[in-house]
Amino acid sequence: METERTAPEAVPPADGPPPGGGIRAGDDLRPSRKHAKVADVRRHGQPPGLKERRNEEHWAGRLYMRDLSPFFSWLALRMGFSPNQLTYLMMLSGVLAGVVVSLPFGPGTGGLWTALGGALLIQVYLLLDCVDGEVARYLRQTSVAGVFLDRIGHYLSEIALLVGLGFAAQGAWTSGGYVELGMVAAIGAALIKAETDNVVVARAKSGLPADPTGGDRALRPRSTRIALARQAASMLRFHRIIGAVELSLLIALAAVVDLLIDAQTPVMLRVLTVAVAAVAVLQTLLHLISILASRRLK
């Protein structure tokens, strides 16, 4: 999921309840964090059109997580968590997912439990990725630092999970070809994000606004052939297998298949590792070409 914490807003309200009932004058009838209800979180933490942001909102967010997250955002508000604290917890859950997946239990029941544990931790990561933004918007504490931490959290989580997959496919915490493939995939995933982020950096250093004029038109390559190739790749969505949510589910599925076929080695996990490494390398190249051929750097 892309970053939820965007441009800074007004000065955040104090945490303590206001006198006489929890509503602040001049705060668009927004209750303090101690008096907030789930409906208040939905109203002030989930702005209109949030689920429709195709390029920023993950499909899992649109499908179910945005329906669940206000309950946890309400709890986070009541418990006094700051948006940045929630982002740190998001980072921790994402990195732990990679560590759990890498645990050297090998194929069988042990490998299945580590795969399921990793998938569960990625769901926690996704939930916290929603919650930190909702809390930030509710408290009017969105910030540049928050956006930065959110992006770093995405980098760390995807890298950790891909490296963890490499160790799981190797079957032990030791060096080997599958560990190296996992690291190749992790480098590719990081480069893809860096390519996207550096469009903003390049534009800023050139004195241009962060977003190019022309909307979606600016994202399309100027070459018709490249544009068609980009559209075909987008329709196939093969690049999604290196995303944390999709990859965690594929790891769990591969572990289930390995258990069902009673494999002596993690066969399906190894197939998945080869696939994600190939996709990461290919996507890194295609993404770079797509950016250079578009109007994003103009």
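Residues numbered from 1 in each chain as written. Predicted model: local features only at pLDDT ≥ 70, side-chain atom pairs only at ≥ 80, totals over all residues. Heavy atoms only, no water.

*Asks:* Which residues make up the overall build of the chain, and what values go with them?
*Replies:* Across its full length, the chain holds 10 helices and zero strands. The buried share of the chain, reckoned over its 298 residues, is 45%. Long-range pairs, those at least 24 residues apart, make up 77% of the contacts in the chain with a sequence separation of at least 6. When the accessible area of the chain is evaluated, it comes to approximately 14700 Å², of which 67% is carbon and sulfur surface. (Helix = DSSP H or I, 4+ residues; strand = E, 2+ residues; numbered from the N terminus. Buried < 20%, exposed > 50% of the residue type's maximum accessible area, 1.4 Å probe, protein only. Contact = heavy atoms within 4.5 Å. Areas by Shrake-Rupley, 256 points an atom, 1.4 Å probe, with all protein chains shown as cover.)

*Asks:* Give a detailed account of the packing of aromatic side chains, specifying residues and quantitative values.
*Replies:* For the structure shown, the criterion picks out zero aromatic pairs. The ring of Tyr138 carries Arg30 above its face, with NZ or CZ at 5.7 Å from the centroid. (Phe/Tyr/Trp six-rings, centres within 6.5 Å; stacked < 30°, edge-to-face > 60°. Lys NZ or Arg CZ within 6 Å of the ring centre and 35° of its normal.)

*Asks:* Just give me the short version of the packing of helix α5 (residues 144-170) against helix α10 (residues 267-293), but keep the residues and values in it.
*Replies:* Each pair of packed helices can be described by the angle between their axes along with the distance between the axes. Viewed as axis vectors pointing N to C, α5 and α10 meet at an angle of 140°, and their least axial separation amounts to 8 Å. Classed by the angle they form, the pair α5 and α10 counts as oblique. The hand of the α5/α10 crossing is left-handed. In this structure, α5 uses Leu162, Leu165, Gly166, Ala168, Ala169 and Gln170 to contact α10, whose residues at the interface are Leu269, Arg270, Leu272, Thr273 and Val276. Class assignment of the residues belonging to the contact of α5 with α10 gives a composition of seven nonpolar, three polar and one charged. (Axes fitted to C-alpha atoms, helices over the stretch in contact; angles between N-to-C directions. Parallel < 35°, antiparallel > 145°, perpendicular 65-115°, else oblique. Left-handed = near helix turned anticlockwise from the far one by under 90°. Nonpolar A, V, L, I, M, F, W, Y, C, P; charged D, E, K, R; others polar.)

*Asks:* Explain the nonpolar core to me, using residue names and the numbers behind them.
*Replies:* If you look at the biggest cluster of nonpolar residues, it comprises 44 residues, and the most contacted ones within it are Leu247, Ile251 and Val276. Of all the secondary structure elements, the ones that give two or more residues to this core are α2 (59-79), α3 (83-102), α4 (109-139), α5, α6 (177-205), α9 (244-260) and α10. In terms of residue count, the dominant contributor to this core is α4 (12 residues). (Core = buried A, V, L, I, M, F, W, Y, C linked by side-chain atoms within 4.5 Å.)

*Asks:* Pulling in residues and values, what's your account of the pattern of salt bridges?
*Replies:* Enumeration according to the criterion identifies three salt bridges in this entry. The partner of Arg66 in a salt bridge is Glu134, with the nearest N and O atoms 2.8 Å apart. One end of the pair, Arg66, is in helix α2; the other, Glu134, is in helix α4, and 68 residues separate them in sequence. For the pair Arg66 and Glu134, one class covers both residues: buried. A salt bridge links Asp197 to Arg151; its shortest N-O distance comes to 2.9 Å. Here Asp197 is found in helix α6, whereas its partner Arg151 is found in helix α5, with 46 residues between them in sequence. For Asp197, a relative accessible area of 24% corresponds to the partly exposed category. Owing to a relative accessible area of 12%, Arg151 belongs among the buried residues under this scheme. (Salt bridge = Lys/Arg side-chain N within 4 Å of Asp/Glu carboxyl O.)

*Asks:* I'd like a description of the confidence of the model for the chain, backed by residues and values.
*Replies:* The predicted model of the chain averages 83 in pLDDT, with 79% of residues at 70 or higher. Considering each helix and strand of the chain separately, the mean pLDDT is smallest for helix α7 (residues 216-219), with a value of 51, and largest for α3, with 97. In this model, residues 7-26 is a region of pLDDT below 50 whose contacts with residues beyond four sequence positions or in other chains number 38 contacts. (pLDDT = per-residue confidence, 0-100.)

*Asks:* Describe the side chain of Ser157, naming the residues involved and giving the relevant values.
*Replies:* Position of Ser157 relative to the elements: it lies in helix α5. The class of Ser157 is buried, set by a relative accessible area of 0%. Leave out the neighbours within four places in its chain, and Ser157 touches Met90, Met91, Gly94, Val95 and Tyr125.

*Asks:* An account of helix α1 (residues 38-45) is needed here, citing residue identities and associated values.
*Replies:* All of the buried residues in α1 are Val38, Asp40, Val41, His44 and Gly45. Down the axis of α1, the buried side of the element spans an arc of 155°, and every buried residue falls inside it. More than 90 degrees from the buried face of α1, the exposed residues found are Ala39 and Arg43. Buried residues belonging to α1 abut α2 and α4. (Arc of directions from axis to C-beta.)

*Asks:* Mind laying out unusual backbone geometry, listing which residues take part and the relevant values?
*Replies:* What is expected of a backbone is that most residues other than glycine have negative phi and most peptide bonds are trans. For Arg140, which is not a glycine, the phi torsion comes out positive at approximately 55°. Inspection of the secondary structure assignment puts Arg140 in the loop between α4 and α5. The phi dihedral of Asp262 falls on the positive side, at around 55°, and the residue is not glycine. Its location among the elements puts Asp262 in the loop between α9 and α10.

*Asks:* Tell me what's going on with the packing of α3 against α5, and back it up with residues and numbers.
*Replies:* Two elements in contact, α3 and α5, have axes whose closest approach is 6 Å; the angle formed by their N-to-C orientations is 10°. Relative to α5, α3 is oriented roughly parallel. Tallied by class, the residues present in the contact of α3 with α5 amount to 14 nonpolar, 10 polar and one charged.

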